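As a plain string of letters, each chain reads:
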Amino acid sequence: MPRSSPNSVPPTRVAARNGPSGAELILDPTHSATPVRLPLSGSLAGLIEATSTLADLRTNLDDLAARFTSETNSWHETGTDLAGNPGQPLFTSASLEASPGRANAGTAALDFTIADLAPLSPSGYRLITDASGYTLERLDGTASITGPGPLTLDGVTVAPTQGARPGDSWTLTPLSGARAVSLRPLTPAEVAAAARYTTDASPLNAGTATLTATPDPLAAAVIAPPPLTLTVTAPNTLDLIDPATGTILATLPFTPGAPIEGDGYSFTLDGTPQPGDSFRLLATGPASADNSNARALADIRARSGPSGTIEQTLDAQSATLGTRLAETSRLEAAARGLRDDAARAADAVAGVDLDREAAELTRLQMAYRANAQVIQAARDIFDAILGAAR
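Residues numbered from 1 in each chain as written. Predicted model: local features only at pLDDT ≥ 70, side-chain atom pairs only at ≥ 80, totals over all residues. Heavy atoms only, no water.

Asker: What am I meant to see in the overall build of the chain here?
Answerer: Helices and strands together make up the secondary structure of the chain, namely five helices and 23 strands. For the chain, the C-alpha radius of gyration of 39 Å lies well beyond 21 Å, the compact-globule estimate for 390 residues. Each principal axis of the C-alpha atoms in the chain carries an extent, and together these give about 150 × 60 × 45 Å. Within the chain, the fraction of its 390 residues that count as buried is 29%. For the chain, restricting intrachain contacts to residue pairs at least 6 apart in sequence, the fraction spanning at least 24 positions comes to 63%. Carbon and sulfur atoms make up 59% of the accessible area of the chain, which totals about 23800 Å². Distance from the positive charge centre (27 side chains) to the negative charge centre (41 side chains) of the chain: 13 Å. (Helix = DSSP H or I, 4+ residues; strand = E, 2+ residues; numbered from the N terminus. Rg over C-alpha atoms; globule rule 2.2 N^0.38 Å. Buried < 20%, exposed > 50% of the residue type's maximum accessible area, 1.4 Å probe, protein only. Contact = heavy atoms within 4.5 Å. Areas by Shrake-Rupley, 256 points an atom, 1.4 Å probe, with all protein chains shown as cover. Lys, Arg positive; Asp, Glu negative; His and termini not counted. Charge placed at Lys NZ, Arg CZ, Asp CG, Glu CD.)

Asker: When you look at the nonpolar core in this model, what are you seeing that I'm missing?
Answerer: What tends to happen in soluble globular proteins is that the nonpolar side chains get buried as a cluster. In terms of nonpolar packing, the biggest core is built from 18 residues, with Leu 230, Leu 238, Phe 267, Leu 269 and Leu 281 touching the most fellow members. Not counting the four nearest positions on each side in its chain, Leu 238 is found in contact with Leu 230, Thr 231, Val 232, Thr 233, Ala 250, Thr 251, Leu 252, Phe 254, Ile 260 and Leu 269. With 17 residues, the next largest nonpolar core counts Ala 108, Phe 112, Tyr 125 and Val 158 among its residues. (Core = buried A, V, L, I, M, F, W, Y, C linked by side-chain atoms within 4.5 Å.)

Asker: What is the right way to read the environment of Val 156 from this model?
Answerer: Along the chain, the position of Val 156 falls in strand β12 (residues 156–160). Through-space distance from the C-alpha of Val 156 to that of Ser 123 is 13 Å; in sequence the pair is 33 residues apart. The contact partners of Val 156, leaving out residues within four places of it in the chain, are Leu 96, Thr 113, Leu 120, Tyr 125, Leu 136, Leu 151 and Leu 172.

Asker: When you look at the layout of surface pockets in this model, what are you seeing that I'm missing?
Answerer: It is the rolling of a water-molecule-sized probe over the atoms that shows where space remains empty. Taken as a whole, the second largest pocket holds about 380 Å³ of empty space. Together, 19 residues line the second largest pocket, and Thr 78, Ala 213, Thr 214, Asn 293 and Ala 296 are the ones closest to its centre. Secondary-structure elements contributing two or more residues to the lining of the second largest pocket are α1 (43–77), β16 (197–201), β17 (210–220), α2 (292–295) and α3 (297–302). Top contributing element to the lining of the second largest pocket by residue count: β17, with five residues. Here the residues of the lining of the second largest pocket are counted per class, giving eight nonpolar, seven polar and four charged. (1 Å grid on protein atoms, 1.4 Å probe; cavity = no way out; pocket = protein on both sides within 12 Å on 5 of 7 lines; lining within 4 Å. Points joined across faces, edges and corners; volume = space filled by probe spheres on them. Nonpolar A, V, L, I, M, F, W, Y, C, P; charged D, E, K, R; others polar.)

Asker: How should the sheet that holds strand β9 (residues 133–138) be read in this particular structure?
Answerer: Pairing between sheet strands relies on hydrogen bonds along the backbone, with the strands arranged either parallel or antiparallel. One open sheet holds the five strands; their spatial order is β6-β13-β8-β9-β10, and the pairing between them is antiparallel. Each end of this open sheet is capped by a strand with a single partner; those strands are β6 (96–100) and β10 (144–147). Within this sheet the neighbouring strands show an average axis-to-axis angle of 15°, counted without direction. Here four bridges tie β9 to β10, and the two strands are oriented antiparallel to one another. (Pairing = 2+ DSSP bridges. Axes fitted to C-alpha atoms, helices over the stretch in contact; angles between N-to-C directions.)

Asker: Teacher, can you tell me more about the pairing of strand β23 (residues 278–283) here?
Answerer: Look at any regular strand and the pattern is simple: side chains alternate between the two faces of the sheet. Both β16 and β23 contribute to a ladder of five bridges, which runs antiparallel. Looking across to β23, one finds that Thr 199 is bridged to Leu 281. In this structure, strand β18 (residues 228–234) lies alongside β23, joined through four bridges in antiparallel fashion. Note on β23: the bridge partner recorded for Leu 230 is Phe 279.

Asker: Looking at this model, I keep getting lost on the sheet that holds β16. Mind explaining?
Answerer: On the basis of which strands lie adjacent, the open sheet formed by five strands has the order β16-β23-β18-β19-β20 and antiparallel pairing. Since the sheet does not close on itself, it has two edges, and those belong to β16 and β20 (248–253), each with one partner. On average, each strand axis in the sheet is tilted by 20° relative to the strand beside it, whichever way the strands run. Both β18 and strand β19 (residues 237–241) contribute to a ladder of five bridges, which runs antiparallel. From the neighbouring strand, Val 232 faces β19, where its bridge partner is Leu 238.

Asker: Sorry if this is basic, but what is going on with the packing of aromatic side chains here?
Answerer: To describe a pair of aromatic rings, you give the distance between the ring centres and the angle between the ring planes. Tallied over the full model, the rule gives three aromatic pairs. Ring geometry for Tyr 197 versus Tyr 265: centroids 5.6 Å apart, planes at 50°, classification tilted. Pair noted here: Tyr 197 is in strand β16 and Tyr 265 is in strand β22 (residues 263–270), with a separation of 68 residues, a long-range link. Exposure remark for Tyr 265: the relative accessible area of 0% places this residue in the buried category. (Phe/Tyr/Trp six-rings, centres within 6.5 Å; stacked < 30°, edge-to-face > 60°.)

Asker: I tried to follow the pattern of salt bridges on my own but got confused; where do I start?
Answerer: Two side chains that carry opposite charge are able to pair once their charged atoms sit near each other. Inspection of every chain in the model, using the stated rule, returns 12 salt bridges. Here Glu 71 makes a salt bridge to Arg 67, at a shortest N to O gap of 3.3 Å. One end of the pair, Glu 71, and the other, Arg 67, are both in helix α1, four residues apart, so they sit about a helical turn from each other. Across the pair Glu 327 and Arg 330 runs a salt bridge, and its minimum N-O distance is 2.5 Å. Here Glu 327 and its partner Arg 330 are both found in helix α4 (residues 310–350), three residues apart, which amounts to about one turn of the helix. (Salt bridge = Lys/Arg side-chain N within 4 Å of Asp/Glu carboxyl O.)

Asker: I would appreciate a short explanation of the side chain of Ser 95 in the present structure.
Answerer: Assignment of secondary structure puts Ser 95 in the loop between β5 (91–92) and β6. Look at Ser 95 and you get buried, because its relative accessible area is 18%. With sequence-adjacent residues up to four places away left out, Ser 95 is seen in contact with Ile 114, Leu 120, Thr 173, Pro 174, Leu 175 and Ala 180.

Asker: I'm lost on the environment of Thr 173 in this one. Help?
Answerer: Its place among the elements puts Thr 173 in strand β13 (residues 169–174). Residues Thr 173 and Asp 239, 66 residues apart in the sequence, show an inter-C-alpha distance of 55 Å. The residues contacting Thr 173, other than those within four sequence positions of it, are Ser 95, Leu 96 and Glu 97.

Dropping the structure here:
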């Protein structure tokens, strides 16, 4: 259960950014924002440049996370689980981040949970405390709920801890990118390891063709769902037959290797079919021993995108960050060397040798002490002579 922290951090009064003319400090960013341009070099300029670089890398990582989530969910949805049901999405991108109000006077934190596949409002939510209880509302004002708590709205359940005061508030902001990705609470039986469809060929077939079928949400042809029997009646022509009644449902032209659309699925005959060859197309049932969809997960790892596979893209981004860090460390070492050389040059121009000056100071100190002892001895002798004359 996520939890917000009590409001113990004072509001930020300074922000930094890369402006159109270089690094800038933003004074009082929450009220009267005033940009102040920084020098092109120095620690602050370096930190702002590093922040900009990390922001670019974070954007790339968010894009990679979105790609991974989309491809993995699509893969799982094409399979069938142990009960014979279609696979569900493995990952969700619905997540929230809670932040306390700046003026909160209480010490309460906010616990909240999000129901699986909850339809979160893109505007976010706000919880407000008053003397009679709490109000949870959408930030766009389209819905709210009031009560003593816990409160639930759009599948989001909030429960403030003890210590809230009237007027305290919390904002629940939708997350995006890699931060929002989380694994859904599926049981082992809901893992879609089997393929959605099962196909086989008659042992009496004379040709070498094989039949494959996959879910296709965009396919909308009016063809009956499985089970079906496909019989090749002539070159590039086949009949779709209801296996229960033997009724011919449709006669279709086909090209080996080209998909044929059904209602929400498509099938393909690959190879060289011969007239008279027949195939069965079945929907995978419960407790199937098939694991072909699980084996297809390896295809995601090998699938190439604009910048290569997912692993190659992540490796490239990590290498880019490492290269920039190494280059920055090299420039830092070079800058330190230049600073030390400048300091030594300044000392040479001034004609000051610190080691020699320290030795000379020690010598003068010892001479001072010796002279002080001579003066003390002379004073003692003089006092003795005066004493003897009396």
